[in-house]
Every structure is written in structure tokens, then in C-alpha cells.
Amino acid sequence: MIQRTPTAIEARPQDIDSHSWQQLLADSVTTPEALLQELGLSPQRWLSGAQAGHRLFPIRVPQPYLDRIERGNAADPLLRQILPLQDEAAERAGYVRDPLAEREATASPGLIRKYRSRALLMVTGQCAINCRYCFRRHFPYDEHRLSPSERTAVLNTLAAAPEVNEVILSGGDPLAVNDRLLARWAHDLATLPQLRRIRIHSRLPVVIPQRICDELLAWMTATRLQVVLVVHINHPNELDSQTRHALNRLKAAGVTLLNQSVALRGVNDDADTLAALSEALFESGVLPYYLHAFDPVAGAHHFDVSDDEARQLVRTLVERLPGFLVPKLVREQPGRAGKTPIDLHF
Ligand SMILES: *Cc1c(COP(=O)(O)O)cnc(C)c1O
Ligand code: SF4
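Bear in mind the structure is a predicted one, so any value in this text is a computation, not a measurement.

Definitions and cut-offs
- Residues numbered from 1 in each chain as written.
- Chains lettered and ligands numbered in written order.
- Predicted model: local features only at pLDDT ≥ 70, side-chain atom pairs only at ≥ 80, totals over all residues.
- Heavy atoms only, no water.
- Helix = DSSP H or I, 4+ residues; strand = E, 2+ residues; numbered from the N terminus.
- Buried < 20%, exposed > 50% of the residue type's maximum accessible area, 1.4 Å probe, protein only.
- Polar contact = N/O pair within 3.5 Å; in protein donor to acceptor, adjacent residues only side chain to side chain.
- Contact = heavy atoms within 4.5 Å.
- Near = heavy atom within 4 Å.
- Areas by Shrake-Rupley, 256 points an atom, 1.4 Å probe, with all protein chains shown as cover.
- Nonpolar A, V, L, I, M, F, W, Y, C, P; charged D, E, K, R; others polar.
- Patch = residues over 30% accessible without salt bridge, like charges linked within 9 Å, V, L, I, M, F, W, Y side chains within 5 Å.
- Salt bridge = Lys/Arg side-chain N within 4 Å of Asp/Glu carboxyl O.

Draft legend 1. Looking closely at unusual backbone geometry. Cis geometry is found at the peptide bond from Gly-171 to Gly-172, where omega equals 20°. Tracing the backbone shows Gly-172 in the loop between strand S4 (166-170) and helix H7 (179-190). For His-345, which is not a glycine, the phi torsion comes out positive at approximately 55°. As for its position among the elements, His-345 is in the segment after strand S10 (340-341).

Quick look at the structure:
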């Protein structure tokens, strides 16, 4: 397991003031004991499991996310996403470390080419939150820390790829790095004439809504590239008023907002929750985009929702919601040039 250093956010001390997102990120809860205390959960019942999971994939939860979890409620759907359990240590046949075989798609350090028209640029290995179900929980992020020459190599590789019209900033969580660095990427990428869009997949607008700051909006507004932000929200309780405010600011800056969820046992594996999520997203200016079938990553089998259950959930959404509020049910399969739709069998 690669340990991620909490200070790897390339923030300089002068960036940090007491209310900044950098400070909230640096103050994240990162130990089992502190997490249980914050959440009012009994150490007798939860500590040994939390420690076992924490050794496999360290705990990281910022305060604004913790604030949305109901104290003392072990079944809270947001808690499920961040509390390590003893189950993570169990081996299960078919659950593997790299379910999407991304190691094989690495084009040059920092750049993954698994889609024809889009390239994935790993700008950081850092995440603002460590989600227990993450399919990249075993990913060798350290191979993706870019030196200046690797950065140049990435830009040269893209310049020689006229079929790529969209760069997806990925990670880790790309918004875990500072805006100076992101603005520089946006600037350099905009010099490539074939590029039309820059896309960001992030949980930060939800996890630390303060991340949607003036500096971020400044470079997003300034670039000639269209900016698409795909937030990763799994449950309507993740959308509090601060998150809605952050999303409204992005929308006002002309950013296209989409959401991607993962179907997760005990979090959103019922149609009422998913319907409420779609409605809440739309109220915040976000369109549901994908509902991901669960990737069989080792250590997360307790989140598994079968394809048949996921189909049934989406069929129910189709009956209840307008088409634009029904996410596409997909699976990512190694070696495919795009996501594979899962047939609903109507
Ligand atoms: C699926 C996915 C992509 C690419 O998505 P498309 O919309 O199918 O191009 C990029 N990043 C992440 C994290 C994804 O899950
Ligand atoms: S934010 Fe995304 S990449 Fe990071 S741990 Fe969570 S699911 Fe994984």
C-alpha cells in the first residue's frame, strides 16, 4: 500500500489561512480513534475493524463531510463510505487489486490512454477523502508524480495525438492540488489546438465545498476550453447548503456539471434514495450522468450490488423520473474504449 503524505498538496505555507480549503484538508481526521470519537461510535465495537481497514487504506475525512454524518448512527450512508471495517481484510475470489487493469494503459508517466478521444491526466495521487469502496485503493500513485520533464513529455504526447479533444484531469482528486498548478495545466493544454474541453472528476465540491474558491473560478472562467466538472455524489445527504452554494458558483461560471455515482450496498441500493439523489442534484444544477456498477476491488466486497439489482433500481428510476434524471447504468471493462452500458432488459 502506498502511503499518501498529508502534505503532498503542493500548498506553500503562505497559501494557508485559517478558513482556507487547504487548512480544512490539512485538518482532516486521519486516525481510527479520532474518527470514532468524532462520530460518537463505541471503540469496543468499531476500533479493531477500523484499525484493520486503516492499515490497508488509510483513513482520511475532512470536517465538512463529517458534519453531515449523524452521530452515533452506524448505518449512516455517508459513514459507510468512510469508516474502515474488518470486512476489508477478508480475501474474496474475484476481487482484485486493479479491477480496471489501468496499469497496462499508462502511455507515459501521468498519462493514461484508454479512450480514443479523451486522455486521462493524473495530476496528483492525493485525495481529499479516502472512500472505502474506491477502485483505485491499491493504485501505485507514486508512479504518477510528475517531474518538469515528464510534464513536458505529457504535453508532447498530447500534441502528437490529434484524435484527443478532451483531457480529463484525474487522480487521486485533481482538485486536491492548488490552483496555481491547475491554472498552468489549463493554460498549457489550451495551446493544443485540437483540445476542446477540460474535464475534472472530483469529490472536493462535496467533501470541502470551500474548495470552490475565487482562484479556481478565475482560471476556469479564463480558459478558452469548455470546462466540465463531474462530481461524485452517492447519496442525497451529501448535498448540504454549502455544497449547493459551491455548485451554484460553478454553474454561474459556465461550468457544465454532471454527477457520477457508484451503486453501493448500504449507501444507495434502493430506488427511493437514488430518485431523491437525482432530484437533489437537479435542484443544485447538476445532471445525473452515470451510475456505475460496482468494480470488484479487493477489500470492498461488502459494498457489492449485483448487476441484476442495479438493473432493477434503474428500471424503477425510469418509471419514476424524467429521462434526464435517470443516470446511465454502466460498467468499466478493462481494455474497452469506453464504458459498457448495462442492458436494462425491459
Ligand atoms: C468513466 C470515467 C471517465 C471517462 O468517462 P466518459 O464520460 O465515458 O468519457 C473518466 N474518469 C473517471 C473517473 C471515470 O469513471
Ligand atoms: S475521491 Fe475518488 S479516487 Fe479518491 S478515494 Fe474517493 S473514490 Fe477513490
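Having seen the structure, we can now continue with the description.
Draft legend 2. Up close: the side chain of Asn-268. Following the sequence through the fold, Asn-268 ends up in the loop between strand S7 (256-262) and helix H11 (271-283). Asn-268 sits in the buried class, given a relative accessible area of 0%. Polar contacts involving the side chain of Asn-268 include one to the main-chain carbonyl oxygen of Asn-234, which spans 3.1 Å. Look past the residues within four positions of Asn-268 in its chain and what remains in contact with it is Asn-234, Ser-261, Val-262, Ala-263, Thr-273, Leu-274 and Leu-313.

Draft legend 3. Region of interest: the side chain of Asn-259. Mapped onto the secondary structure, Asn-259 falls in strand S7. Every residue in contact with Asn-259, bar those within four places of it in the chain, is listed here: Val-230, Val-231, His-232, Ile-233, Leu-277, Leu-281, Val-286, Leu-287, Pro-288, Tyr-289 and Tyr-290.

Draft legend 4. Structural context of the site of ligand 1. Close contacts around ligand 1 come from Tyr-115, Arg-118, Leu-120, Ile-168, Arg-199, His-201, Gln-260, Tyr-289, Tyr-290, His-292, Glu-332 and Lys-339, and that covers them all. Residue Arg-118 places a side-chain N or O atom 2.8 Å away from an oxygen atom belonging to ligand 1. Relative to its free-state accessible area of 380 Å², ligand 1 is covered by the protein chains to the extent of 94%. The dominant element in the shell around ligand 1, judged by the number of residues it contributes, is strand S8 (residues 287-292), at 3 residues. For the shell around ligand 1, a count of residues per class yields 5 nonpolar, 3 polar and 4 charged.

Draft legend 5. Region of interest: the site of ligand 2. Around ligand 2, the structure places Cys-127, Ile-129, Asn-130, Cys-131, Cys-134 and Arg-203. When grouped by side-chain class, the residues that make up the shell around ligand 2 number 4 nonpolar, 1 polar and 1 charged.

Draft legend 6. Representation of a nonpolar patch on the surface. Taken together, the side chains of Phe-282, Leu-287 and Phe-324 make up a nonpolar region of the molecular surface, amounting to roughly 280 Å² of accessible area. As for its placement among the helices and strands, Phe-282 is situated in helix H11. The class of Phe-282 is partly exposed, set by a relative accessible area of 42%.

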